[in-house]
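Each chain, letter by letter, is given below.
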Amino acid sequence: MDVWDGDECNQYIGTDSTIFPPFLTKQDRLWAWSPEVCRSLGAHYVKKSKYAGLPMSYFELDFGDPKNEPHNQCFCRDPPDDCPPQGTMDLSPCLGGPIIGSKPHFYGADPKLIEAVDGLAPNKEKHDVYIHFELTTGSPVSAAKRLQFSMELGPIHNHELFGQLPHVILPMFWAEEGASLNKTWTNQLKYQLFLGLKFNATVKWLTIIIGTVGAIGSAYMHFRKDVKTTNVTPVAETSPPASSPSSGEQTVLNVPLGKNLPSVIDGLDKPPKLMAAEIQ
């Protein structure tokens, strides 16, 4: 464009405010070209919000303060002294007349503008410019654009009637346009997007938890040392009783060879009872 005094202000930025790119972040602005004011406007992130039970991001539009913002001083007539008040736009280069644009009832503008006109009652719910936005898909689900057109008035010197006029920005009218998705469209977002995201998140965390528990269990089983010890009672040496070989009597000794043996040989068959003569 060649409307404003500066290349930065004459750039076309953004879309037509009906579609936006997906995968935006909270740090991004929602830029849209507004032909009625001959400039691009960018809404900034404010907070998390909900619409029809779905998580959204709430963006607002701020016209800024050109006098104290160097990047917006190309919208001034003679910066930094001759700039529109805070929260307003000088639309005379665009519309060819002394027209000042702002939010309705000078909402978010310099308080002096509100004090100079009787009957103004700025209200956030009624007069703000906002958009409920879904960042992943780039879908605006509810938005309202409101713009007030005011005339800049001042005294006309050497005129009997208009010579007493004060310097004032007098509101003339304001317009509003907006849209909100109905239940049919919000259900598509709910079941096709958010339900899938929840399922993916659930599977992801279950996989992480199961994998972590399995890794810990495997490490425990690998490094665990299962050593079983068995107390072995020593076997006392038993001397056979004196007997006469000629007497023909034989004494049977019960030797506890299988008692309290280690578990390795504890399952073996215990030796049979031995005769005293065989032990000798």
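The structure reproduced in this document is the subject of the present report. Source: prediction; values computed, not measured.

## With respect to the overall build of the chain
When you go through the chain residue by residue, the secondary structure sums to five helices and 10 strands. Within the span of the chain, comprising 280 residues, buried residues form 29% of the whole. The long-range fraction of contacts in the chain, counting pairs at least 24 apart against all pairs at least 6 apart in sequence, stands at 51%. As displayed, the chain offers around 19,100 Å² of accessible surface, 57% of which is attributable to carbon and sulfur atoms.

## Looking at the nonpolar core
Counting residues in hydrophobic clusters, the biggest one holds 10 residues: Val37, Leu41, Leu61, Phe63, Met89, Leu91, Ile99, Val129, Leu147 and Phe149. Once residues within four sequence positions are removed from consideration, Leu91 is found in contact with Val37, Gly96, Gly97, Ile99, Gly101 and Phe149.

## Thoughts on the pairing of strand 5 (residues 99-102)
Going residue by residue along strand 5, you find Ile99 and Gly101 tucked away on one face and Ile100 and Ser102 tucked away on the opposite face as well. Looking at chain direction, strand 4 (residues 88-90) and strand 5 are connected through three bridges and run antiparallel. Looking at strand 5, one finds that Met89 is bridged to Gly101. Pairing geometry for strand 5 and strand 7 (residues 139-153), over four bridges, is antiparallel. Residue pairing in the sheet places Ile100 in a bridge with Ser150 of strand 7.

## Some details on the environment of Phe59
Note on placement: Phe59 falls in strand 3 (residues 54-61). Looking at Phe59, the relative accessible area reads 0%, which means it is buried. Along the backbone, Phe59 and Tyr45 are 14 residues apart, and their C-alpha atoms lie at a distance of 4.4 Å.

## Section: a nonpolar patch on the surface
Together, Ile156, Leu161, Phe162 and Leu165 give the surface a local cluster of nonpolar side chains, amounting to about 350 Å² of exposed area. Considering the arrangement of structural elements, one finds Leu165 in the loop between strand 7 and strand 8 (168-180). We classify Leu165 as partly exposed; its relative accessible area is 30%.

## Here we look at the packing of aromatic side chains
One pass over the full model with this rule turns up seven aromatic pairs. Look at Tyr58 and Tyr130: their rings are 5.9 Å apart centre to centre, the planes differ by 15°, and that puts the pair in the stacked class. Remark: Tyr130 occurs in strand 6 (residues 130-134) and Tyr58 occurs in strand 3; sequence separation between them is 72 residues. Overall, the relative accessible area of 9% leaves Tyr58 in the buried class. An aromatic cluster is present here, built from Phe20, Tyr45, Phe59 and Phe133 joined pairwise through their rings. The ring of Phe75 has Arg39 lying over it, and the distance from NZ or CZ to the ring centre is 3.9 Å. For the cation-ring pair, Lys47 lies above Tyr58, with the distance from its terminal atom to the ring centre recorded as 5.4 Å.

## What about unusual backbone geometry?
The phi angle at Phe23 is positive, at roughly 55°, despite the residue not being glycine. By the element assignment, Phe23 lies in the segment before strand 1 (30-34). One non-glycine residue with positive phi stands out, namely Ala52, at about 55°. Residue position: Ala52 is located in the loop between strand 2 (39-51) and strand 3.

## Observations concerning the state of the cysteines
Under the defined criterion, the tally for this structure stands at three disulfides. Across the disulfide from Cys76 sits Cys83; the S-S distance is 2.1 Å. Measuring handedness by torsion sign, the sulfur bridge of Cys76 and Cys83 sits at about 105° and is right-handed. Of the two residues examined, Cys76 and Cys83, each falls in the buried class.

Thresholds applied
- Residues numbered from 1 in each chain as written.
- Predicted model: local features only at pLDDT ≥ 70, side-chain atom pairs only at ≥ 80, totals over all residues.
- Heavy atoms only, no water.
- Helix = DSSP H or I, 4+ residues; strand = E, 2+ residues; numbered from the N terminus.
- Buried < 20%, exposed > 50% of the residue type's maximum accessible area, 1.4 Å probe, protein only.
- Contact = heavy atoms within 4.5 Å.
- Areas by Shrake-Rupley, 256 points an atom, 1.4 Å probe, with all protein chains shown as cover.
- Core = buried A, V, L, I, M, F, W, Y, C linked by side-chain atoms within 4.5 Å.
- Pairing = 2+ DSSP bridges.
- Patch = residues over 30% accessible without salt bridge, like charges linked within 9 Å, V, L, I, M, F, W, Y side chains within 5 Å.
- Salt bridge = Lys/Arg side-chain N within 4 Å of Asp/Glu carboxyl O.
- Phe/Tyr/Trp six-rings, centres within 6.5 Å; stacked < 30°, edge-to-face > 60°.
- Lys NZ or Arg CZ within 6 Å of the ring centre and 35° of its normal.
- Disulfide = S-S within 2.5 Å.

Functional significance is not addressed by these values, which are geometric in nature.
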